[in-house]
Amino acid sequence: MTLSNTRTGTGFAVASMSFVQLGLAASVGLAIQIGALGTAWLRLAWAGLLLLVLVLLFDRARLFRVSRAGITSSVALGVVTAALTLLFMLAVTRLPLGTASALEFLGPLGVAVFRGRRLLWPLLAGAGVLLLTSPWQGSVDPLGVVFALGAAVCWAAYILLTQHVGDEVSGVAGLAISMPVAGAVATLVAWPSVFGQLTPRILVEGLLLAMLLPVVPFVLELLALRKLTTAAFGTLMSLEPALAVVVGLVLLHQVPGWAAVAGVALVVTAGIGAERAGAR
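Residues numbered from 1 in each chain as written. Predicted model: local features only at pLDDT ≥ 70, side-chain atom pairs only at ≥ 80, totals over all residues. Heavy atoms only, no water.

Draft legend 1. Broad picture of the overall build of the protein. If you tally the helices and strands in the protein, you get twelve helices and zero strands. Radius of gyration (C-alpha) of the protein: 18 Å, near the 19 Å computed for a compact globule of 280 residues. With the C-alpha coordinates aligned to their principal axes, the bounding extent of the protein is approximately 55 × 50 × 35 Å. Out of the 280 residues in the protein, the part that is buried amounts to 45%. For the protein, the share of sequence-separated contacts (at least 6 apart) that also reach a separation of at least 24 residues comes to 88%. Carbon and sulfur atoms form 71% of the exposed surface of the protein, whose accessible area is close to 13,100 Å². One way to put it: in the protein the 15 positive side-chain charges average out to a point 7 Å from where the 9 negative ones average out. (Helix = DSSP H or I, 4+ residues; strand = E, 2+ residues; numbered from the N terminus. Rg over C-alpha atoms; globule rule 2.2 N^0.38 Å. Buried < 20%, exposed > 50% of the residue type's maximum accessible area, 1.4 Å probe, protein only. Contact = heavy atoms within 4.5 Å. Areas by Shrake-Rupley, 256 points an atom, 1.4 Å probe, with all protein chains shown as cover. Lys, Arg positive; Asp, Glu negative; His and termini not counted. Charge placed at Lys NZ, Arg CZ, Asp CG, Glu CD.)

Here you go:
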């Protein structure tokens, strides 16, 4: 891996994380209009439609060669993707973006810890969670914490299923199945709360949000993984909760206390350590 590739891959990874956090920050504004579930549904529905159209236009043959096992895995991935998106949107409407992102990050951290089998990292992460939630103060919305932890469980399942789909399905055909499934599941959950609130302007906002998250970040992650090792990529992605704190501060004016900053730092440190020690 050359220095040029490392720099390019790092740029793609940082850009991907930036688009994710910008998309989440922008989603908070739309959630005020149509609710957290409606916002998550709109993003997933547009993303599923966009990815399906792109694959049908440019890689149709590969989509029609997907095996039965690949279809089953992709459908399961779509269901988990919907649950992850819905739960996290519910979390960020109740918690600061940095806190919600750090709690959600416990999902991939748990997968990395399991693979690396090091006790230090879960202990650090546990200390970080205590600082983030500060249960002795009672200032953090407990339901928001539950939603974020539910999203963490879904993200862990998402990682394992994505890896399995990558083994079963070539190219992005798996996403052309999983994302429309995610949109359909989100429709079943969110449609009753959104019906009657949709306007042409909100539909356009949803399309732009779907581009910010997840369409563009996914493309950037693919480009990054072509330039970086998985360990380097995972280590970079461990910085996402810290980036969420910055985006929350700048765009949402969510000023974190010292305990929240320290908690995010501990979770990020645990993530970096676990990713570097883990295996596939």
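Draft legend 2. Expanded view of the layout of surface pockets. Of the pockets and cavities examined, the second largest pocket occupies roughly 300 Å³. In this structure, the second largest pocket is lined by 20 residues; those nearest its centre are T99, L132, P256, G257 and A260. Listed by contribution, the elements that provide at least two residues to the lining of the second largest pocket are α4 (97–104), α6 (120–133), α11 (240–252) and α12 (258–277). When residues in the lining of the second largest pocket are grouped by element, the largest group, four residues, is from α12. A class-by-class count of the residues in the lining of the second largest pocket yields twelve nonpolar, eight polar and no charged. (1 Å grid on protein atoms, 1.4 Å probe; cavity = no way out; pocket = protein on both sides within 12 Å on 5 of 7 lines; lining within 4 Å. Points joined across faces, edges and corners; volume = space filled by probe spheres on them. Nonpolar A, V, L, I, M, F, W, Y, C, P; charged D, E, K, R; others polar.)

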